[in-house]
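# Notes for the structure review
Here's the letter readout for the chains.
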Amino acid sequence: MREASSSAGTAGGDVLTLTAEGLYCPAGGFHIDPVRPVERALVTHGHADHARPGNGAVLASRETLDIMAIRYGEDFAGRRQQARPGEVLRIGEVRVSFHPAGHVLGSMQVRIETAQGMRTVVSGDYKRQADPTCAPFELLACEVFVTEATFGLPVFRHPPAAEEIGKLLKSLSLFPERTHLVGAYSLGKAQRVIAELRAAGYGRTIYLHGALERLCAYYQAQGIDLGSLEPVGRQAKELAGEIVLCPPGQLADRWARRFGDPVTAVASGWVRVRARARQRGAELPLVISDHADWDGLRETVAQTGAGEIWVTHGAEDALVHWCRQQGLAARPLNLLGYGDEGDAAEPAGKGKAAETAAGIGSET
Amino acid sequence: MQRFAALLDRLSFEPRRSAKLALMADYFRSESDPARGLALAALTGGLSFRHAKPAMLRALVAERVDPHLFELSYDFVGDLSETIALIWPAAEGGEIAPPELPEVVQRLQQAGRGEAPGMIAGWLDALDETGRWALLKLVTGGLRVGVSARLAKTAVAALGPLQADDIEQVWHGMSPPYDGLFAWALGEGEPPQTDDPVPFRPAMLAHPLEPRDIEALDTADFAAEWKWDGIRVQAAASKGQDGRLRRRLYSRTGDDISAAFPDLVETLDFDAALDGELLVVIDGIAQSFNALQQRLNRKTVSAKLMRELPAAIRAYDLLALGGEDLRERPFRERRALLERFLGQLDHPRIDLSPLVPSPDWEALAKAREAPADHHEGEDAAAIEGLMLKRWDAAYVPGRPKGQWYKWKRDPFRVDAVLMYAQRGHGKRSSYYSDYTFGVWREGEEGAELVPVGKAYFGFTDEELLEIDRFVRQNTINRFGPVREVRHEPQAGLVIEVAFEGLNRPPRHKSGLAMRFPRVARLRWDKPPAEADRIETLLALLPQDEVSAAT
Ligand SMILES: [Zn+2]
Ligand SMILES: [Zn+2]
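Residues numbered from 1 in each chain as written. Chains lettered and ligands numbered in written order. Predicted model: local features only at pLDDT ≥ 70, side-chain atom pairs only at ≥ 80, totals over all residues. Heavy atoms only, no water.

Attention now goes to the layout of surface pockets. The computed volume of the second largest pocket comes to approximately 1,200 Å³. Lining the second largest pocket are 49 residues; nearest its centre among them are Glu 163 of chain A together with Gln 2, Asp 128, Glu 129 and Thr 130 of chain B. Put simply, the parts of the chain that give the lining of the second largest pocket at least two residues each are helix H2 (161–174) and helix H6 (294–304) of chain A together with helix H1 (2–13), helix H2 (17–30), helix H8 (116–126) and helix H9 (129–140) of chain B. The residue inventory of the lining of the second largest pocket, partitioned by class, reads 18 nonpolar, 12 polar and 19 charged. Both domains that furnish three or more residues to the lining of the second largest pocket are identified here as domain 1 (4–155 + 290–333) and domain 2 (161–286) of chain A. (1 Å grid on protein atoms, 1.4 Å probe; cavity = no way out; pocket = protein on both sides within 12 Å on 5 of 7 lines; lining within 4 Å. Points joined across faces, edges and corners; volume = space filled by probe spheres on them. Helix = DSSP H or I, 4+ residues; strand = E, 2+ residues; numbered from the N terminus. Nonpolar A, V, L, I, M, F, W, Y, C, P; charged D, E, K, R; others polar. Domains from an automatic or database assignment.)

A few words on the confidence of the model for chain A. Residue and element names in this part refer to chain A. With 89% of its residues at a pLDDT of 70 or more, chain A has an overall mean of 89. Ignoring residues within four places in sequence, the model shows residues 1–9, a span with pLDDT below 50, making 17 contacts including any to other chains. Note that pLDDT drops below 50 for residues 340–364; the model gives that stretch 67 contacts with residues more than four away or on any other chain. (pLDDT = per-residue confidence, 0-100. Contact = heavy atoms within 4.5 Å.)

Across the boundary between the two partners, chain B contributes 35 residues, which contact 38 residues of chain A. Taken together, both faces of the contact between chain B and chain A bury some 3,300 Å²; the carbon and sulfur share is 54%. In this structure, the salt-bridge partner of Arg 274 of chain A is Asp 9 of chain B, at a minimum N-O distance of 2.8 Å. Ranked by residue count, the leading element in the side of chain B that touches chain A is helix H5 (residues 67–77) of chain B, at 6 residues. Within the side of chain B that touches chain A, the residues separate by chemical class into 17 nonpolar, 6 polar and 12 charged. (Buried area = accessible area lost by both parts, 1.4 Å probe. Salt bridge = Lys/Arg side-chain N within 4 Å of Asp/Glu carboxyl O.)

The next subject is the coordination of the zinc ion (ligand 2). Residue and element names in this part refer to chain A. For the zinc ion (ligand 2), the full set of protein donor atoms is Asp 49 (OD), His 50 (NE2), Asp 125 (OD) and His 313 (NE2), and the range of their distances to it is 2.1 to 2.6 Å. Taken together, the 4 donor atoms coordinating the zinc ion (ligand 2) and their angles of 86 to 160 degrees define a geometry best described as irregular. Written as a sequence motif, the donor residues of the zinc ion (ligand 2) are D-H-x74-D-x187-H. Taken as an interatomic distance, the gap from the zinc ion (ligand 2) to the zinc ion (ligand 1) is 3.4 Å; Asp 125 donates to each of them. Taken together, the positions of His 50 in the loop between strand E4 (40–42) and strand E5 (55–60) and His 313 in strand E18 (residues 308–314) put the pair 263 residues apart, joining distant regions of the chain. Of the two residues, His 50 and His 313, both sit in the buried class. (Donors = N, O, S within 2.8 Å, 3.2 Å for Na, K, Ca; no water. Tetrahedral: all angles 85-135°; square planar, octahedral: opposite > 155°, others 65-115°. Buried < 20%, exposed > 50% of the residue type's maximum accessible area, 1.4 Å probe, protein only.)

The next subject is the domain arrangement of chain B. All names here are of chain B. Under the domain assignment, chain B is made up of domain 1 (207–408) and domain 2 (412–549). A C-alpha centroid distance of 28 Å is found between domain 1 and domain 2. Domain 1 puts 13 residues into the contact, and the matching count from domain 2 is 11 residues. With both chains or domains summed, domain 1 and domain 2 bury close to 1,100 Å², and 42% of this area falls on carbon and sulfur atoms. Looking only at domain 1, the three residues that lose the most surface to domain 2 are Pro 211, Arg 252 and Gln 293, adding up to 33% of its buried area. One can count 2 salt bridges joining domain 1 with domain 2. Between Glu 530 and Arg 252 there is a salt bridge, and its shortest N-O distance comes to 2.5 Å. Counting across the interface, domain 1 meets domain 2 through 3 residue pairs in polar contact (both at pLDDT 80 or more). (Polar contact = N/O pair within 3.5 Å; in protein donor to acceptor, adjacent residues only side chain to side chain.)

This part takes up the packing of H2 of chain B against helix H10 (residues 149–157) of chain B. Residue and element names in this part refer to chain B. Taken N-terminus to C-terminus, the directions of H2 and H10 make an angle of 60 degrees; their axes are 8 Å apart at the nearest point. As far as their axial angle goes, H10 and H2 are oblique. When the axes of H2 and H10 are compared, the crossing they make is right-handed. Counting all contacts with H2, which are made through Arg 17, Lys 20, Leu 21, Met 24, Ala 25 and Phe 28, the residues of H10 involved are Leu 151, Ala 152, Thr 154, Ala 155 and Val 156. Partitioned by chemical class, the residues of the contact of H2 with H10 number 8 nonpolar, 1 polar and 2 charged. (Axes fitted to C-alpha atoms, helices over the stretch in contact; angles between N-to-C directions. Parallel < 35°, antiparallel > 145°, perpendicular 65-115°, else oblique. Left-handed = near helix turned anticlockwise from the far one by under 90°.)

Encoded structure:
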């Protein structure tokens, strides 16, 4: 973790600094997505690498607050406050507003405006692709843009989700006697895969691993139509030819053995790279991501009009290099604790997988 | 091209043999000629393009992509073709119709050195990520999608009533795009007329001799031969309709390996097809497999290597002579014809594999234990056991029951599949030098590999480098210092493991533990599907050995 002083001398450095807990706004007295408990946290969305329990107070969208309560229990924070999209709140000496990031249900960007009118936007995780399960990304003009870069390499260009869903349906017709087991993160990815399947005309019941049930039920309660869903429960071979969703870590687990000889699909942006797809045990990689791809990152950086770009959460080097070529001031934040999905040396079925199995996966 | 790309994409991730067959059959059934024939040629290694080399591809991408961004990406992806496929920027000026496979093959084969880069760049512009990846794999010649030539032919056969061996029969008389092959396989046309005078004749294979066989079989019904430590080949020569002599050397699986052995192939001046063992023979003495191994898997061979390690054939069967197919005849007749044929041929690089007297099992057991005492030549060290062939057996492709047996000299050898590799210690710490290997067993969901032991010596320095490279390129999982490598029926590394004994420890996954296991040899020539089964090991347990000796 860098010292707070390293951000001095830049425009953004006047508004945000880096502390051991993460991004901190001294003028507002709050952290954004802190990695350790703090007094006052602004949380962009419910993924475990952004939303952690134990903070004194949490300000987040209604959905994010609900999701944190589902995952961590009602006492996940001392106090909670709901941020309505677009509503401007005065916190300390700055004005703060939340705006949709298009990442998962309830995901927000945070805009901070100083008394002098300088605007800083912290993107959180975001994507520009359409997603039937959440509000679309809202473009915000600003002077300083703190962007994620999970897929910040030019090899990542996500295809339309419908194309990938088409691969799944084609496989289902080629191997109608085999269960199609799809590994998808429990918050966001699973619901998006289901919604995209429905959009492609797939009407059969979709079966869920236990770790996905609560969040799918929550999405449905929020009015997102996911069609007929059913827990896998004790069903096994009778699900031949059906689509079953589970957290990615379960694909290589004992749990998956009950299906006999399933086709193992993985829905993730990482499976665009073959070695990564193999590591994740994908026989049918579905390149479906809830993050901006390389083109999306560049487009967004350009459209914000920001002259200063801070890059975090992933492959910072490439995007920083590109920004500087465009004449933008850019710096990598190298924040620890976010998006550790990028670590290739991770064994399947261990550690992280156990975490995702418990339903608190952190894509992402 | 896009449908071919989709096929390669699925195959590259699919570990199951049956599913690979289904994917290929689905493609062959729905694709038309000549695209499917060219796809088959690509899958069987039958296409090559002179001008598409990694350096040229790097130069192409350097024109379009920032070098620093490329290096960061290449670091992350790890594979050059894949990095280029993913990073290639979208073409300016909108969509271009993607090329069809026949167009790509035809134009690139006819292209001159100067034209090829522009041609490939144009196609890269027109294709999507998967299409670009498949194009680059195709033109650089390394598909590596876990499909052997044999499996691809099996998929063609699976389109209708044919067997893979039916395809093999006509295979070497055809060339891409194999006109008429698919119509025949689909039952819609006549067998393709080939005028190949030297087709591959699918090999007849032996079963391992089990203790119960010894009780049940009479040695008088069998010819016994030495089992040589080389590779099984078929050497065929014959005149075509044009009067020109064609010569070919085939591996046991039907791969044409002539190019690696011109010293031998050019001397095949006869009209016959021989079945025999390929060996390096120096001054009449067959050398160890290690000598031969240096000459395998080569596209070309230097004069020096041919001089130092001259190849020869020790023949043990005659499949065709003077245009007549002898395979229906009993081995007794074929052997007599072989002896007469070789006697007349008097060829410096082809000799006869001698018979071993087999009055009874005791005599055979002794010969197997101590070949040097029972073999007149000075190359008993190149003997790895005995072959038993039924005198009245016809030559039948595949592994027919009760006809041929192999009785290996060292019973403690198995062909196992590399499953995991771990970094070594000390000066080997940068190499993957500790290997966990497995053999097949019948699991709930079909054949599966079960780990049976670990080996961390027995290989040469050169072999260590080869295995290390294999491990790095075929990692599918990492667990700290341990890598799991590909180990599928059609993709993986077969290791011949030698060991001193076997017992049943109380707690071991397979119920077996090897004593002193070591890497005896790398079997790059063998698909994992052909590695040994757990039953082979179970048969080696001590109590069985006792009955085998009596
Ligand atoms: Zn996220
Ligand atoms: Zn994240």
